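Listed below, chain by chain, are the residues.
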Amino acid sequence: MQKLKMNLHKLTIDAKGIHYKELNEMIESALNEGYKEIDLINVNGQRYIGDGLTFPDRKLNIYGTPGNDMAAFMNGLTIEVFANGQDGIGNTMNAGKIIVHGSAGDIIGYGMRGGEIFIKGDVGYRVGIHMKEYQDKIPVLVVGGKAGDFLGEYMAGGRIIVLGLTLKDGEPITGLYCGTGMHGGVMYLRGELQPYQLGKEVKVVDMEEEDYKFIDKYVTEFVKLFGYSKEYIMSKPFYKLIPYNKRPYGKLYAY
C-alpha cells in the first residue's frame, strides 16, 4: 500500500507502474473504507477504472489517460478525467457522471442506460450506439466537438448533444450514417447536416420549447465544467434528429 497518500479530505493513489487489476482493487477498497474523493495520479492506460461501482456520493479525479472501458456497468460515481479518454467510456453505464477535459475515442456511451457523460473535445466512431432509456432513467451524452461516423447507431433512447465547438470552416459536425437504425431517443446537433450524412431511419425536425429548455440545462452545465461562453454556444441554431419509427426493421423478421 506504499502507493497511497492520505490527508484529512481525500486519498491519493499513484498509479505509476501499477497493473490495472491491482489499481482497480485499490480504488474499490478505498471507497469501501469510506473515502469520499480519490485522486489517481500518473494514470497511463489502465483499463476498467470505475467499472461496476455503486458509490453515488463519491468522486474519482484521474490525472493521466485511462484505458478502455472506463465506467463500464457503473451504477453511481463521478469520474473526472483531466486528459483524453480512450474507447468504450460509459459502456452499458447505469448511473453516475463522467467528465473528460479532452477528447475521447470510439463507442463512447455504448448501450448506456443512465447517467451523464460530458466530453470537452471530439469523439470517434459509433458514439452513443444502442443507448436506451427506461422510465425515469434517461442517459445524456454531451460532446463539445465533433463526432465520427455512425453517431447514434441503433439508438433506442436517451439524448445526445453535439456542440461542434472544435470545427474548422466547412468541417462537418459528424461523419456519415448518423442515426442509422435509430428507433428511439433524440439527437441535438449545433450545426447542419447534409442528407447524405444521415441514416435512412432518421429525420430532422423543428425544435420545440421543451427542446430548448433541455439544451439550455446541459449547455449551462457544460460551460460550468469547461469554461466556454454560454451566449456563444446558444447563438448558433441546433438541429433535432429523431427516428422515423420505433421498429425500422420490423418487416425483416418472420413471425
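Cut-offs and rules
- Residues numbered from 1 in each chain as written.
- Predicted model: local features only at pLDDT ≥ 70, side-chain atom pairs only at ≥ 80, totals over all residues.
- Heavy atoms only, no water.
- Helix = DSSP H or I, 4+ residues; strand = E, 2+ residues; numbered from the N terminus.
- Buried < 20%, exposed > 50% of the residue type's maximum accessible area, 1.4 Å probe, protein only.
- Contact = heavy atoms within 4.5 Å.
- Core = buried A, V, L, I, M, F, W, Y, C linked by side-chain atoms within 4.5 Å.
- Salt bridge = Lys/Arg side-chain N within 4 Å of Asp/Glu carboxyl O.
- Pairing = 2+ DSSP bridges.
- Expected span 1.5 Å × (residues − 1).

## As for the side chain of Asn91
- Topologically, Asn91 is positioned in the loop between strand 5 (75-81) and strand 6 (95-100).
- In this structure Asn91 comes out as buried when scored by relative accessible area, which is 15%.
- Leave out the neighbours within four places in its chain, and Asn91 touches Asp69, Ala71, Ala72, Phe73 and Tyr110.

## Digging into the environment of Ile38
- Residue placement: Ile38 occurs in strand 3 (residues 37-44).
- In this view, Ile38 contacts Leu11, Ile13, Ile27, Ala30, Leu31, Lys59, Leu60 and Asn61; residues no more than four positions away in its chain are not counted.

## Remarks on the nonpolar core
- Among the nonpolar cores identified, the biggest contains 53 residues, and Ile27, Ile38, Ile49, Met70, Ile79, Ile98 and Leu151 are the most heavily contacted of them.
- Tallying contributions element by element places helix 1 (residues 20-32) first for this core, with five residues.
- Counting residues in hydrophobic clusters, the runner-up holds 19 residues, among them Tyr188, Val219, Leu225 and Phe238.

## A few points about the pattern of salt bridges
- Inspection of every chain in the model, using the stated rule, returns 15 salt bridges.
- Between Asp57 and Lys36 there is a salt bridge, with the nearest N and O atoms lying 2.9 Å from each other. In this pair, Asp57 sits in strand 4 (residues 54-65) while Lys36 sits in the loop between helix 1 and strand 3, placing the two residues 21 residues apart along the sequence.
- Relative accessible area serves as the criterion here: at 49%, Asp57 is assigned to the partly exposed category.
- Close ionic contact of Lys59 with Glu80 constitutes a salt bridge, the shortest N to O distance being 2.7 Å.

## So, the pairing of strand 7 (residues 116-119)
- Taken together, the four bridges between strand 6 and strand 7 define a ladder with parallel strand orientation. Note on strand 7: the bridge partner recorded for Ile99 is Phe118.
- With four bridges joining them, strand 7 and strand 8 (residues 140-143) adopt parallel strand pairing. Its bridge partner being in strand 8, Ile119 is matched across the sheet by Val143.

## Digging into helix 2 (residues 209-226)
- In a regular helix each residue adds 1.5 Å, so 18 residues correspond to 26 Å; helix 2 covers 26 Å between its end C-alpha atoms and thus fits that length.
- All of the buried residues along helix 2 are Asp211, Ile215, Tyr218, Val219, Glu221, Phe222, Val223, Leu225 and Phe226.
- Positive backbone phi, approximately 90°, marks Gly227, located one or two places after helix 2.

## A closer look at the pairing of strand 5
- The element strand 5 is largely enclosed, with a buried count of six among its seven residues.
- With five bridges connecting them, strand 4 and strand 5 associate as parallel partners. Residue pairing for strand 5: Asn61 is matched across the bridge by Glu80.
- Two elements, strand 5 and strand 6, share five bridges in a ladder whose sense is parallel. Bridging from a neighbouring strand, Asn75 pairs with Ala95 of strand 6.

## Thoughts on the side chain of Asp39
- Note on placement: Asp39 falls in strand 3.
- Classification of Asp39 by relative accessible area gives buried; the value is 11%.

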